[in-house]
Amino acid sequence: MSGEEQVPVTEQLTDNSDRGRFELRRDDDLVGWLYYTHLKPNRYALRHTEVETSHQHQGVAGALVRRVCDEIRTRQGTITAICPFVADYLSRTTAYADLVDARHPGYSDRAAAESARVAAGG
């Protein structure tokens, strides 16, 4: 194997419901997590995305949001985008438009989510 060949990375998404977050592991290392609130009947308010410092700028946040959306789809749930990164991700694709809760969509883009966060003092 040449020095330029890369070994495939294994990813695993887990739902750590005790901590209210989905966690992404790459090769058994916890690399990122997305905090959520599970609301009735089956809506997930996606509140905040974090990536381990040593794994930033490696596509972790995007992979995490994609995997979380895929998981929520398998659960036949809907999402409300509160997190600025999630809002930005969803504004750039139509792949998950069917998951956005029609009555409670959250923020339509990063700017709206950031403005709301600043106004709330966060």
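### A look at the side chain of Asn42
Here Asn42 lies in the loop between strand E3 (29–39) and strand E4 (43–51). Contact partners of Asn42, with chain neighbours within four places excluded, come to Arg75, Gln76, Gly77 and Thr78.

### Some details on unusual backbone geometry
Following Lys40, the chain continues into Pro41 via a peptide bond in cis, with omega recorded as -5°. In this structure, Asp27 takes a positive phi of about 50° despite not being glycine. In this fold, Asp27 is placed in the loop between strand E2 (21–26) and E3. Residue Asp27 is classed as partly exposed on the basis of its relative accessible area, which comes to 42%. Positioned with a positive phi, Gln76 is a non-glycine residue whose angle comes to about 55°. In this structure Gln76 comes out as exposed when scored by relative accessible area, which is 72%.

### Quick word on the nonpolar core
A general trend in soluble globular proteins is that nonpolar side chains are found buried together. By size, the foremost hydrophobic cluster in this structure holds 27 residues, and its most contacted members are Leu46, Val68, Val86 and Leu90. Going through the elements one at a time, E2, E3, E4, helix H1 (60–74), strand E5 (78–81) and helix H2 (84–91) are the ones with two or more residues in this core. Considering each element in turn, this core owes the most residues, 8 residues, to H1. Not counting chain neighbours up to four residues away, the residues in contact with Leu90 comprise Cys69, Ile79, Ala81, Tyr96 and Val100.

### Section: H2
Burial analysis of H2 places 6 of its 8 residues in the buried class, which makes it a mostly covered element. Those residues of H2 that are buried lie in contact with E3, E4, H1, E5 and helix H3 (110–119).

### Some thoughts on the packing of H1 against H2
Describing two packed helices takes the angle between their axes plus the distance from one axis to the other. Packing of H1 against H2 leaves a shortest axis separation of 10 Å and a crossing angle of 75°. One way to sum up the angle between H1 and H2 is to call them roughly perpendicular. For the pair H1 and H2, the contacting residues are Ala61, Gly62, Val65, Arg66 and Cys69 in the first and Phe85, Val86, Tyr89 and Leu90 in the second.

### Observations concerning the environment of Glu71
Turning to its location among the elements, Glu71 is positioned in helix H1. Sequence separation between Glu71 and Leu13 is 58 residues, and the spatial gap between their C-alpha atoms is 8.6 Å. In this structure the side chain of Glu71 is engaged in a polar contact, spanning 2.8 Å, whose partner is the side chain of Arg75.

### Concerning the sheet that holds E5
Here 5 strands make up an open sheet; going across it, the order is E1-E2-E3-E4-E5 and the pairing mixed. The open sheet has two free edges, formed respectively by strand E1 (11–16) and E5, since each of these has just one partner strand. Put simply, the sheet's adjacent strands are angled 30° from each other on average, direction ignored. Packing against the sheet, H1 makes contact with E1, E2, E3, E4 and E5, and its axis sits at approximately 125° to E2. The strands touched by H2 are E3, E4 and E5; relative to E5, the strand with the most contacts, the crossing angle is about 115°.

Cut-offs and rules
- Along each chain, numbering runs from 1 in the same order as the chain's sequence is written.
- Predicted model: local features are reported for residues with pLDDT of at least 70 only, side-chain atom pairs are reported and counted for 80 or more only, and whole-chain, interface and lining totals are derived from all residues.
- In computing side-chain values, all of the structure's heavy atoms are included and hydrogens and water are not.
- The way it works is that DSSP assigns letters per residue, a run of H or I at least four long becomes a helix, a run of E at least two long becomes a strand, and they are numbered from the N terminus.
- Note on definitions: a residue-residue contact is assigned when non-hydrogen atoms from the two residues lie within 4.5 Å.
- Whether a residue is buried, partly exposed or exposed follows from its accessible area with a 1.4 Å probe, protein chains only, as a fraction of its type maximum: under 20%, in between, or over 50%, in that order.
- Side-chain atoms within 4.5 Å link the members of a nonpolar core, which is a set of buried Ala, Val, Leu, Ile, Met, Phe, Trp, Tyr and Cys residues.
- Axis definition: a line fit to C-alpha positions, over the contact stretch in the case of helices; interaxial angles, taken between N-to-C directions, run 0 to 180 degrees.
- With respect to orientation, any angle under 35 degrees is reported as roughly parallel, any angle over 145 as roughly antiparallel, any angle of 65 to 115 as roughly perpendicular, and every other angle as oblique.
- The term polar contact refers here to a pair of N or O atoms within 3.5 Å; inside protein, the definition further demands a hydrogen-donor-capable atom paired with an acceptor-capable atom, and it admits residues adjacent in sequence only when both atoms are side-chain atoms.
- Following DSSP output, two strands are said to pair if at least two bridges run between them.

By themselves these figures say nothing about function.
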